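# Structural features, examined
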There are 2 protein chains.
Amino acid sequence: MRAIGIDIGGTKIAAALVDETGAIERRLKRKTPAGDGPAIVDAVVDLVTELAGGDTSIPAGVAAPGFIDLAQSTVYYAPNINWRHEPLREVLSRRLPGVHITIDNDANAAGWAEFRFGAAREQHDMTLLTLGTGVGGAIVTGGQLLRGGFGAGGEIGHLRLVPQGLPCGCGQRGCLEQYGSGRALLRMANEIADAGGIGQNLAAVREAQGALDGDIVGALIQEDDPGALAALRELGGWIGQACASLSAVLDPELFVFGGGVSAAGETLLEPIREAFHAHLPARGFHPEPDFVIATLGNDAGMVGAADLARTALGAVPGVAG
Amino acid sequence: MRAIGIDIGGTKIAAALVDETGAIERRLKRKTPAGDGPAIVDAVVDLVTELAGGDTSIPAGVAAPGFIDLAQSTVYYAPNINWRHEPLREVLSRRLPGVHITIDNDANAAGWAEFRFGAAREQHDMTLLTLGTGVGGAIVTGGQLLRGGFGAGGEIGHLRLVPQGLPCGCGQRGCLEQYGSGRALLRMANEIADAGGIGQNLAAVREAQGALDGDIVGALIQEDDPGALAALRELGGWIGQACASLSAVLDPELFVFGGGVSAAGETLLEPIREAFHAHLPARGFHPEPDFVIATLGNDAGMVGAADLARTALGAVPGVAG
């Protein structure tokens, strides 16, 4: 059975018609009318209508940032869209009569895609961290997506790493998001630039470009710039420490890393593994997980949303979503 | 279907014949031959034989401390029994021909019992913390025990709370176990006794008794001794902080607290709830879990082990273990 996946991102809404193997048959996108809930609903309705071509038997899954309830129906809170207790499934169902709709958290959708069709397709237990502007997460355990009791599970970016640490947008301090995200990498790169020494080239580039951004730091990492590499190692060190705690709790077979920062590939994984091994409780007394980069890139959200919609219909044999 | 549950503890091996509702029909116990693996196997074989009364169709579940593999078969490591890669299921099966045997981690068995028959029997997502000498844990999510990719999931006592914190028996520093266990409570009580002020009575009792122990501190808590209550509040504060991080990752409906320290009841739950609310990421944007004391006490391990053995046989409708 084919399914439609929609990923509502901060800048664009990506949509695709996805087959049972996770392959994309057709894709569309729209600019996100940021902060304008009704306009976002209009865009989603248009995208589903166009991709379905009148076939209401094709289910549609919508991935959105924020907290989604366990019934895959209501958005408790989506920070960038101004949705609070938005009954999104009901709203969309009214506009798309006959179409089976499900709503999921965007990181959970991406994680599900990596589990079903991507980096973790041979595993039954995996933990995904998406290292973008923030840090998102998804947990698959025993072949099932861990949604939690209220649908808000897998918010790994808000695992506390440092008591009284850096303030976080969630209202707390010391969350992984402040030590393992793209934004954290930029902060570390700027600190290294300020410090001179191996940061001299970073400082010079910053001076020339006006400011550092993710693309610049990413390019410097590719060029083996010592300051940029030091920032990435610092970031990887924190992520590896978080994975050691997560391993005690979740014991995944595989940690998968997605998001913009994961473009650094093995250069990122190396310090993660090193810190993980240095901080793993009871090391040597049980098997250890592997660390890999996600394979589906930006398509993961919509491919996962489509498959979760299919799974919710009971249309995926042997998989309970 | 009835099942036999065996709980190999540090001081005693508890065994019971348990019916489908979790009720104990008959119970037996033996002193644990600590550190003597073959003698422990002999004791388990005797207990199963006596409880089964010759009926090999009754499955038997054995709960043991340490890391158990995902196949519920091999003990990777049991710190107090000197087992390393012990094929316990095979060893027991050879001695008990025809009996279906499963092996599980003791905290996982206790958590499963609370989920099926105890404090969390109305929930589908719960996290158990056993606050004994150490801190154990068990996670049930979507109605399934979270075993992890290698069987070592739910080791919540080794969530890191404090970077470079107190040394832990797992080889790391700053683990919850060092801030939320019965042993941690004793350390805090001694520190408060040393500090004078509200600790004066604690210090006097320590002087009179030679040393503080869990029973003494527990009794002082019941008597509202200000020093003992301060120690319990400190402990609860750390546990609540850990629950806030766990909530971001696991989002349980219910946190359940077992083990000796949980005898303090509501006096323990109050500081846990308070610290949880103060440290919960994105508070107010999604539903929040409840906090309760476990109801099955010391029976939880054997009741859970029995039910997990039954579940492994596929004999519990609607429940996948």
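Conventions adopted
- Residues numbered from 1 in each chain as written.
- Chains lettered and ligands numbered in written order.
- Predicted model: local features only at pLDDT ≥ 70, side-chain atom pairs only at ≥ 80, totals over all residues.
- Helix = DSSP H or I, 4+ residues; strand = E, 2+ residues; numbered from the N terminus.
- Rg over C-alpha atoms; globule rule 2.2 N^0.38 Å.
- Buried ≥ 20, exposed ≤ 12 C-beta atoms within 10 Å, placed from the backbone.
- Contact = placed C-beta atoms within 7 Å.
- Domains from an automatic or database assignment.
- Nonpolar A, V, L, I, M, F, W, Y, C, P; charged D, E, K, R; others polar.
- Pairing = 2+ DSSP bridges.
- Axes fitted to C-alpha atoms, helices over the stretch in contact; angles between N-to-C directions.
- pLDDT = per-residue confidence, 0-100.
- Core = buried A, V, L, I, M, F, W, Y, C linked by C-beta atoms within 7 Å.
- Parallel < 35°, antiparallel > 145°, perpendicular 65-115°, else oblique.
- Left-handed = near helix turned anticlockwise from the far one by under 90°.
- Least-squares fit on C-alpha atoms with pLDDT ≥ 70 in both.

Our focus in this paragraph is the overall build of chain A. The number of helices and strands found in chain A is ten helices and 13 strands. Taking 2.2 N^0.38 as the reference for a compact globule, 321 residues should give roughly 20 Å; the C-alpha atoms of chain A span a radius of gyration of 20 Å, in line with that estimate. Seen along its three principal axes, the alpha-carbon backbone of chain A occupies a region of about 65 × 50 × 35 Å. Residue burial in chain A is summarised as follows: out of 321 residues, 58% are buried. For chain A, long-range pairs separated by at least 24 residues make up 64% of all intrachain contacts whose partners lie at least 6 apart in sequence.

Glancing now at the domain arrangement of chain A. Residues and elements named next belong to chain A. Under the domain assignment, chain A is made up of domain 1 (3-111 + 299-312) and domain 2 (123-294). Taken together, the contact between domain 1 and domain 2 spans ten residues of the former and 14 residues of the latter. Of all the secondary-structure elements, those providing two or more residues to the side of domain 1 that touches domain 2 are strand S5 (67-68) and helix H3 (106-117). Ranked by the residues each element gives to the side of domain 1 that touches domain 2, the list is headed by H3, at five residues. Considered class by class, the residues forming the side of domain 1 that touches domain 2 number six nonpolar, two polar and two charged.

Okay, the sheet that holds strand S12 (residues 254-258) of chain A next. Strand pairs in the sheet, formed through backbone hydrogen bonds, run parallel or antiparallel to each other. Residues and elements named next belong to chain A. As summarised here, the arrangement of the five strands in space is S11-S10-S9-S12-S13, forming an open sheet in which the pairing is mixed. The outermost strands of the open sheet, each flanked by one partner alone, are strand S11 (144-145) and strand S13 (290-293). By the bridge criterion, six bridges tie strand S9 (residues 126-131) to strand S10 (residues 135-141) in an arrangement that is antiparallel. Its bridge partner being in S10, Leu131 is matched across the sheet by Val135. Lying on the sheet, helix H8 (residues 226-250) is in contact with S9, S10 and S12; it crosses S9 at an angle near 150°.

Another point: the sheet that holds strand S10 (residues 135-141) of chain B. Residue and element names in this part refer to chain B. Pairing is mixed in the open sheet, where five strands are placed in the order S11-S10-S9-S12-S13. Pairing within the sheet leaves two strands with one partner each, and these edge strands are strand S11 (144-145) and strand S13 (290-293). The sheet strands contacting helix H8 (residues 226-250) are strand S9 (126-131), S10 and strand S12 (254-258), and the helix crosses S9 at an angle near 150°.

Further remarks concern unusual backbone geometry. Positive phi values are uncommon outside glycine, yet A:Gln164 reaches one of about 55°. Within the secondary structure layout, A:Gln164 lies in the loop between S11 and helix H4 (177-180). Phi at B:Asp251 takes a positive value of approximately 50°, unusual for a residue other than glycine. Classification of B:Asp251 as buried rests on a count of 26 C-beta atoms within 10 Å.

Across the boundary between the two partners, chain B contributes 43 residues, which contact 43 residues of chain A. Looking at the side of chain B that touches chain A, the elements with two or more residues in it are strand S6 (75-78) and H8 of chain B. In terms of residue count, H8(B) provides more of the side of chain B that touches chain A than any other element does, four residues in total. Classifying every residue of the side of chain B that touches chain A gives 21 nonpolar, 15 polar and seven charged.

So, about the pairing of S10(A). All names here are of chain A. A large share of S10 lies buried, amounting to seven of its seven residues. Between the end of S9 and the start of S10, which pair antiparallel, lie three residues. Here S10 pairs with S11 via two bridges, running antiparallel. Counterpart to Val140 in the pairing with S11 is Leu145. Where S10 folds back on S11, the antiparallel hairpin that results is connected by two residues, among which Gly142 adopts a positive phi of roughly 60°.

As a further point, take the confidence of the model for chain A. The predicted model of chain A has a mean per-residue pLDDT of 95, with 98% of residues at 70 or higher. Our summary of model confidence lists the complex with pTM equal to 0.96 and ipTM equal to 0.95.

Attention shifts here to the nonpolar core. Membership of the largest hydrophobic core comes to 225 residues, with the highest contact counts inside it found for A:Ile6, A:Val62, B:Ile6 and B:Val62. What B:Ile6 contacts, discounting residues up to four positions off in sequence, is B:Ile13, B:Ala15, B:Val44, B:Leu47, B:Val48, B:Ala60, B:Val62, B:Ala63, B:Met302 and B:Ala305.

Turning next to the packing of helix H1 (residues 37-52) of chain A against helix H2 (residues 88-95) of chain A. Residues and elements named next belong to chain A. Where H1 contacts H2, the two axes come as close as 10 Å, and the packing angle between them is 50°. Viewed along their axes, H1 and H2 adopt a mutual orientation that is oblique. Pair H1 / H2 crosses with right-handed handedness. Residue-level inspection shows Val41, Val44 and Val45 of H1 in contact with H2, the latter providing Val91, Leu92 and Arg95. Tallied by class, the residues present in the contact of H1 with H2 amount to five nonpolar, no polar and one charged.

Next up on the list: the relation of the copies chain B and chain A. The relation between the two chain copies is a rotation about an axis coupled with a shift along that axis. The two copies are related by a screw motion: chain B maps onto chain A through a turn of 180° and a shift of 0.0 Å along the axis, at an RMSD of 0.0 Å. Taken together, the rotation angle and the small translation identify this as a two-fold axis. In this assembly the copies share their binding face: 100% of the residues contributing to the interface of chain B also contribute to that of chain A.

Turning our eyes to something else, we now look at the packing of helix H5 (residues 182-195) of chain B against H8(B). All names here are of chain B. Here H5 crosses H8 at 135°, and the two axes come no closer than 9 Å. By the angle between their axes, H5 is oblique relative to H8. Of the two elements, H5 crosses H8, and the hand of that crossing is right-handed. Listed contacts from H8 to Ala184, Leu185, Met188, Ala189, Ile192 and Ala193 of H5 are Gly227, Ala228, Ala230, Ala231, Leu232, Glu234 and Leu235.

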